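# Architecture at a glance
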Amino acid sequence: MNEQITGALFKQMVLHGAAAITAQKQAINDLNVFPVPDGDTGTNMSMTIGTAVTELRKSAPATLTQAADLTASALLRGARGNSGVILSLLFRGLSKGLKGLETADAAAFAAAMQQGVQSAYKAVMKPAEGTVLTVSRLAAKRAVECAAEERDIEKVLEEAIREGYDTLAQTTDMNPVLKKAGVVDAGGKGYLLILEGMLAEMRGEPMPEISEEAASREKADFAALSDEDITFTFDTVFIVRKTVERSLDPLRTYLGSIGDSLVIGEDDDAFKVHVHTDIPGAALTEAQKYGTLELAKIENMRTQAEDLAAGRRVQSTDDLDNLEEALESGAAQAGGHVVAPPEKKYGFLAVCAGAGLEAVFKDLGVDGVVSGGQTMNPSTEAILEGVDAVPAETVFVLPNNGNIIMAAQQCAALTEKNVVVIPTKTVPQGITAMMNVDFEAPEAEDITAAMTESLPTVTTAQITYAARSSDFDGFDIREGDYLALEEGKLFGTDGSLSVLLERLAGSAREKGSSFISLYFGEDVSQEEADAAGKLFGEACPEAEVAVLSGGQPVYYYIISME
């Protein structure tokens, strides 16, 4: 029996909940309704709560308030995708409900769960039933009812989870889209896994074992080193956000040939490398063939060992005077990253993946680009860093993906800059929005209106592949088939890419499209793309057809029809 939750216990409950969802994240991804390779609910929720794990492991919260606040703050900045944002909102409301408490009994914790639900519902513009919102709401309601009669928090949480699973089973019938696919809501399932992990911690059950490579050391243990023990000079650690889908085995082989103590940790979006080498620049250059370098730390182990042996303070990259450098450039520091001072009234930030698409946005006047999109939803923190780096008073953000809009909207409360999120759900919408910007407009509202009103003028089509076999909405889909989407809806499926291109060209003709742009992905050759452009040109002889290299992963073509 457990009648109180302390700060120390809450910390362990969150760690256990995170382990529970991480162990099952692929099973949650597989609940994705569309069989496209964007089924990342499990990944997003796992990575979101993973940010809290990182912070909690570095802390020893003395009170429940401290533990809950730290968790909520980390989740907010680390939120990825709509599912991750909603998860962060549930914990943010929970922390508000626990404000000022050293410990919480069953009634207080149940009431805080309900406040978390209220925060999530309030933030979602059009709450839909049959989602994680429904599951969390009815689970919290049951927790409050049970806590009125029961002092044992374990039993209260057990009842909440039981009610949650009963509700989860009903989500299939609540949501027409889920009913067609015959699955339950992925976000609701993920939330219940976290609650189950939290309950398991209270019961003293062991955490799930998660298979992963050994964690790399952030710092070398210089006290255990002598100069002759140091084979390679530089302790090199860096993180790369993936922009291509390819195996890291060649990188492992290369890094192993130029150094030792190699460890590579990898998740769906990024990988982290730890290696000792004499040529760290070469390691970084090779790694950038796989994505965008986000963070690097290089330390000279020989000089550090000498300093330690001489009794001197050991220098590290933590001593770099970032603040002085920022001040010299006229920038300030916020949350560990640089905030550029406003040099102009308006600035623009876009989210996209692919060098070609990035170039298109920058040509249209975008100040910065955050790498991300399908299967690579950037966190709120990543978008916030992009916002703060734009030297403008007002920053317009183009998420260019429906699953990124909520994460972008959270930035408004985290920066002194005025953030305006234009709800672009696709890259073509973002490009069209930028083409309608009046950079000399007197008011931000004028730009907002022009960009927003332009969005319905463009139709977006995309071609990707089926991540798994599925019978969806009358389509018999086989794993590996090509899938065509139009305005986010399944347009067709076939084993031939050219068949789908021909059908989409016919759709463009039926719509009377005057301007058609085909952005081809990294797996499409220029010759293949030109042939696709020819198909559209023949189907729409009066239209202006452009074929451009987007370089995007996952999607063979992103097609804009206006």
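Small disclaimer: the values here were computed from a predicted structure and weren't measured.

### Quick notes on the overall build of the chain
- Check the secondary structure of the chain and you find 21 helices and 18 strands.
- Split into buried and exposed, the 562 residues of the chain put 53% on the buried side.
- Counting only contacts in the chain whose residues sit at least 6 apart along the sequence, the fraction spanning at least 24 positions is 70%.
- In the form shown here, the chain has an accessible surface area of approximately 24,600 Å², with 50% of it arising from carbon and sulfur atoms.

### Thoughts on the confidence of the model for the chain
- The share of residues in the chain with pLDDT of 70 or more is 87%, and the mean pLDDT across the chain is 86.
- Low pLDDT, under 50, characterises residues 318-328; the stretch is placed with 8 contacts to residues that sit more than four places away or in other chains.

### Let's talk about the packing of aromatic side chains
- Applying the stated criterion across every chain, the model contains 5 aromatic pairs.
- Both rings, one in Phe271 and one in Tyr290, keep their centres 6.3 Å apart while their planes meet at 85°; by these two values the pair is edge-to-face. Of this pair, Phe271 sits in strand E3 (residues 270-277) while Tyr290 sits in the loop between helix H12 (280-287) and strand E4 (291-300), placing them 19 residues apart in sequence. Of the two residues, Phe271 and Tyr290, both sit in the buried class.
- Aromatic side chains Phe348 and Phe439 sit 5.5 Å apart centroid to centroid with 75° between the ring planes, which places their arrangement in the edge-to-face category. Placement of the pair is Phe348 in strand E7 (residues 344-352) and Phe439 in the loop between helix H18 (427-435) and helix H19 (444-454), with a sequence separation of 91 residues.
- Phe348 gets classed as buried once you look at its relative accessible area, which sits at 1%.
- The class for Phe439 is partly exposed, based on a relative accessible area of 41%.

### Let's talk about the packing of helix H11 (residues 249-258) against H12
- Two numbers describe how H11 lies on H12: the axes approach to 11 Å, and their chain directions differ by 175°. Taken as axis vectors, H11 and H12 run roughly antiparallel relative to one another. Here Leu251, Tyr254, Leu255 and Ile258 of H11 lie close against H12, whose contacting residues are Ala282, Ala283, Glu286 and Ala287.
- For the contact of H11 with H12, the per-class residue count stands at 7 nonpolar, no polar and 1 charged.

### Observations regarding empty space enclosed by the protein
- Under the definition given, this model contains 2 cavities of 30 Å³ or more.
- Looking at the second largest cavity, the residues that line it are Leu90, Phe91, Leu94, Phe109, Met113, Gly116, Tyr191, Leu195 and Met198.
- For the lining of the second largest cavity, the secondary structure elements donating two or more residues are helix H5 (81-97), helix H6 (106-123) and helix H10 (186-202).
- Split by residue class, the lining of the second largest cavity holds 8 nonpolar, 1 polar and no charged.

### Observations regarding the pairing of E7
- Here E7 lies mainly inside the structure; 7 of its 9 residues are buried.
- Inspection of the sheet shows E7 paired to strand E9 (residues 392-398) by 6 bridges, in the parallel sense. Across the sheet, Gly347 pairs through a bridge with Val395, a residue of E9.
- The pairing of E7 with strand E8 (residues 368-371) spans 4 bridges and is parallel. Of the residues in E8, the one forming a bridge with Val351 is Val370.
- The handedness of the E7 to E8 crossover, carried by helix H15 (residues 355-363), is right-handed.

### So, helix H1 (residues 7-23)
- Taking 1.5 Å as the rise per residue, H1 with 17 residues should run 24 Å; its terminal C-alpha atoms sit 25 Å apart, in good agreement.
- Among the 17 residues of H1, 13 are classified as buried, and the element is accordingly described as predominantly covered.

### Structural notes on the packing of helix H3 (residues 41-57) against H10
- The contact between H3 and H10 brings their axes to 9 Å, and the two run at 35°. Our pair here, H3 against H10, has a crossing hand that is right-handed. Touching Thr41, Met45 and Ile49 of H3 are Ala186, Gly187, Gly190, Tyr191 and Ile194, all from H10.
- Residue classes in the contact of H3 with H10 are distributed as 5 nonpolar, 3 polar and no charged.

### Some remarks on the sheet that holds E7
- Taken in spatial order, the 4 strands make up an open sheet running E8-E7-E9-E10, and their pairing is parallel. Each having just a single partner strand, E8 and strand E10 (418-421) make up the two edges of the open sheet. The sheet shows a mean angle of 25° between the axes of neighbouring strands, taken without regard to direction.

### Focus: the nonpolar core
- One finds Phe10 and Met113 to be the most contacted residues of the largest nonpolar core, which totals 82 residues.
- Of all the elements, H10 adds the most residues to this core, at 9 residues.
- Contact partners of Met113, with chain neighbours within four places excluded, come to Leu94, Ala140, Ala143, Leu157, Ala160, Tyr191 and Leu195.
- Judged by nonpolar contacts, the second largest core, of 31 residues, contains Tyr346, Phe348, Tyr519 and Tyr555.

### Re the pattern of salt bridges
- One pass over the full model with this rule turns up 18 salt bridges.
- For Arg151, the salt bridge identified is with Glu3, shortest N-O distance 2.8 Å. Taken together, the residues Arg151 in the loop between helix H7 (132-147) and helix H8 (153-174) and Glu3 in the segment before H1 connect sequence positions 148 residues apart.
- For Arg151, a relative accessible area of 58% gives the class exposed.
- A salt bridge links Arg478 to Asp481; its shortest N-O distance comes to 3.5 Å.
- Judged by relative accessible area, Asp481 falls into the buried class, the value being 9%.
- Salt bridges here are not isolated pairs; linked through shared partners, they connect Lys141, Arg142, Glu145, Glu159, Arg162 and Asp166.

What counts, and at which threshold
Residues numbered from 1 in each chain as written. Predicted model: local features only at pLDDT ≥ 70, side-chain atom pairs only at ≥ 80, totals over all residues. Heavy atoms only, no water. Helix = DSSP H or I, 4+ residues; strand = E, 2+ residues; numbered from the N terminus. Buried < 20%, exposed > 50% of the residue type's maximum accessible area, 1.4 Å probe, protein only. Contact = heavy atoms within 4.5 Å. Areas by Shrake-Rupley, 256 points an atom, 1.4 Å probe, with all protein chains shown as cover. pLDDT = per-residue confidence, 0-100. Phe/Tyr/Trp six-rings, centres within 6.5 Å; stacked < 30°, edge-to-face > 60°. Axes fitted to C-alpha atoms, helices over the stretch in contact; angles between N-to-C directions. Parallel < 35°, antiparallel > 145°, perpendicular 65-115°, else oblique. Nonpolar A, V, L, I, M, F, W, Y, C, P; charged D, E, K, R; others polar. 1 Å grid on protein atoms, 1.4 Å probe; cavity = no way out; pocket = protein on both sides within 12 Å on 5 of 7 lines; lining within 4 Å. Points joined across faces, edges and corners; volume = space filled by probe spheres on them. Pairing = 2+ DSSP bridges. Right-handed = clockwise from strand over helix to strand, strands pointing away. Expected span 1.5 Å × (residues − 1). Left-handed = near helix turned anticlockwise from the far one by under 90°. Core = buried A, V, L, I, M, F, W, Y, C linked by side-chain atoms within 4.5 Å. Salt bridge = Lys/Arg side-chain N within 4 Å of Asp/Glu carboxyl O.

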